[in-house]
Amino acid sequence: MAPLHSLLDHFPQISLLDRPTPIQRLEGLERSLGLVKRGIKLFAKRDDYMALGGGGNKLRKLEFHLGEALRDKVDVVVTMGGLQSNHARLTAAACAKLGMRCELVLGRAVPRDDEEYEHNGNMLLDALFGAVVHIVPEGFTTASWADTRAQELQMQGCKVRVIPTGGSTAVGCLGYAKAALEIARQEASMGLEFTHMVMANGSSGTHAGMAAGFAAMGRAPGFIKSFAVLAEAPESHRRTLELTRQTLELLGSEQVIEPSMIAVDGAHRGAGYGVPTKAMLSALQLMARSEGLLLDPVYSGKAFAGLVADLESGLYAQGDNILLLMTGGAPGIFAYRSALQGA
Ligand SMILES: Cc1ncc(COP(=O)(O)O)c(C=O)c1O
């Protein structure tokens, strides 16, 4: 079987980030959480730290989606998500850089209709990046509305590419298979191996791509744990497993993935997608005050809250090296001002 880097080379891709993103030790948090005496080390993979569009995990998926779109001479990229979608904002930014038209089909996935949520944060930036924004009327799904809009554009003679929610297809997941390779190389140069990796799980492509990448390198992906923030955990698990298998198939890898190799925890989703939890609000403060770093209220804040709870309950042991995947999303903070100020 060919090595992962040469399998990835077969797919059209463009460069949207200055890789590798850094891996940093979180010593302030190790002190705040009492990990020094327990012999547990904490690190962050800074996928929030990218030059384009404010950065975030979706740029890795877009490297492959937009690589295909450019190869196919697409004129208009249509994608979808919630009003405060980071994926939508980064698709708009990447299209602006590449000189492609971008249309965003956004739905009201979160029970909010206040000024901040509807117009600040990612919504403000979508417009700044020049994307055309369509708000889906009640009673329709973002996917059906995006397909209808794509048909209209095709009738006008445009070549259109529709990218599903979160960019989470097997093609998009290649971006995180490539990230797994990047992390494995960083481990080699740091002279350590991460015993655990923690991240948020929304549309599941980040976990699935990472799992597929490590599996393709012959490393069982059970050391990765994601916290479900969109669907309930069983559905997120099903979707992550399916996408991991599809990504390995696309790569031409024969690695077998058993359901037990995919760990998805639903304990920090709270009342639902985009609904703040007390633990998330404390996690954002803890990260900001111990490290001067920003998590987001919808995804990485809930994942980090899960990691803190697991550390407090004694899940991790002496000698563990834990890697938190920081996935970006800081613009979302500005749509959650009242929740954060009330915390
Ligand atoms: C900031 C941030 N973190 C994590 C995720 C979760 O990634 P995925 O949708 O691939 O599960 C998202 C998805 O939208 C995101 O915007």
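All values derive from a computational prediction rather than experimental measurement. (Residues numbered from 1 in each chain as written. Predicted model: local features only at pLDDT ≥ 70, side-chain atom pairs only at ≥ 80, totals over all residues. Heavy atoms only, no water.)

Visitor: Even after reading the chapter, I still don't get the sheet that holds strand E8 (residues 224-228), so can you show me in this structure?
Guide: Sheet strands pair by backbone hydrogen bonding; their relative direction is either parallel or antiparallel. The 6 strands are arranged E1-E2-E10-E7-E8-E9 in an open sheet whose pairing can be described as mixed. Each edge of the open sheet carries a strand with a single partner, namely strand E1 (23-25) and strand E9 (263-265). Neighbour-to-neighbour, the strand axes of the sheet open up by a mean angle of 25°, direction not taken into account. Here strand E2 (residues 41-46) runs beside strand E10 (residues 321-326); their pairing, made up of 6 bridges, is parallel. Within E10, the residue paired with Lys41 across the bridge is Asn321. Strand contacts of helix H8 (residues 170-190): E1, E2, strand E7 (196-201) and E10, with the helix running at about 135° to E2, the strand carrying the most contacts. This element, helix H10 (residues 233-251), spans E7, E8 and E9 of the sheet and lies at about 155° to E9. (Pairing = 2+ DSSP bridges. Helix = DSSP H or I, 4+ residues; strand = E, 2+ residues; numbered from the N terminus. Axes fitted to C-alpha atoms, helices over the stretch in contact; angles between N-to-C directions. Contact = heavy atoms within 4.5 Å.)

Visitor: Looking at this structure, how should I read the site of the ligand?
Guide: Not every one of the 16 residues close to the ligand is listed here, only the nearest: Lys58, Lys61, Ser203, Thr206 and Thr327. Between the ligand and the protein, one listed contact pairs an oxygen atom with a backbone N or O atom of Ser204 at 2.9 Å. For the ligand, an oxygen atom lies 2.6 Å from a polar atom in the side chain of Thr206. Isolated, the ligand exposes 380 Å² of accessible area, and the fraction of that covered by the protein chains is 98%. Elements with a minimum of two residues in the shell around the ligand: helix H3 (58-71) and helix H9 (205-216). Its residues assigned to classes, the shell around the ligand shows 1 nonpolar, 12 polar and 3 charged. Two domains each provide a minimum of three residues to the shell around the ligand, namely domain 1 (4-53 + 169-342) and domain 2 (58-167). (Near = heavy atom within 4 Å. Polar contact = N/O pair within 3.5 Å; in protein donor to acceptor, adjacent residues only side chain to side chain. Areas by Shrake-Rupley, 256 points an atom, 1.4 Å probe, with all protein chains shown as cover. Nonpolar A, V, L, I, M, F, W, Y, C, P; charged D, E, K, R; others polar. Domains from an automatic or database assignment.)

Visitor: Looking at this model, I keep getting lost on the side chain of Arg46. Mind explaining?
Guide: Mapped onto the elements, Arg46 comes out in strand E2. Beyond its immediate stretch of four places on either side in the chain, Arg46 contacts Thr21, Pro22, Gln24, Leu293 and Met326.

Visitor: What's the story with the pattern of salt bridges in this structure? I'm lost.
Guide: Pairing between side chains becomes possible if they bear opposite charge and their charged atoms approach one another. Enumeration according to the criterion identifies 24 salt bridges in this entry. The partner of Glu30 in a salt bridge is Arg25, with the nearest N and O atoms 2.8 Å apart. The exposure class assigned to Arg25 is partly exposed, which follows from its relative accessible area of 35%. For Glu193, the salt bridge goes to Arg219, with nearest N and O atoms at 4.0 Å. Here the residue Glu193 occupies a position in the loop between H8 and E7, and Arg219 occupies one in the loop between H9 and E8, the gap between them amounting to 26 residues. (Salt bridge = Lys/Arg side-chain N within 4 Å of Asp/Glu carboxyl O. Buried < 20%, exposed > 50% of the residue type's maximum accessible area, 1.4 Å probe, protein only.)

Visitor: Any chance you could explain the UniProt feature "domain: Tryptophan synthase beta chain-like PALP" (unreviewed entry) in the protein here in plain terms?
Guide: Taken from the UniProt record, the annotation "domain: Tryptophan synthase beta chain-like PALP" (unreviewed entry) applies to residues 14-328. End-to-end, the C-alpha atoms of residues 14-328 are 20 Å apart, and along that stretch the chain is 44% helix and 16% strand. (UniProt positions renumbered as here; feature names shortened; annotations may be inferred.)

Visitor: Could you clarify how one ought to interpret the domain arrangement of the protein in this entry?
Guide: As a measure of interface size, the accessible area lost when the parts come together is often cited. Partitioning the protein into domains gives domain 1 (4-53 + 169-342) and domain 2 (58-167). In this complex, domain 1 contributes 39 residues to the contact, which on the side of domain 2 involves 36 residues. Together, the buried faces of domain 1 and domain 2 total about 3,100 Å²; carbon and sulfur atoms form 63% of this surface. On the domain 1 side of the contact with domain 2, Pro12, Ile14 and Leu16 bury the most area, a combined 19% of that side's loss. Scanning the region where domain 1 abuts domain 2 turns up 4 salt bridges. (Buried area = accessible area lost by both parts, 1.4 Å probe.)

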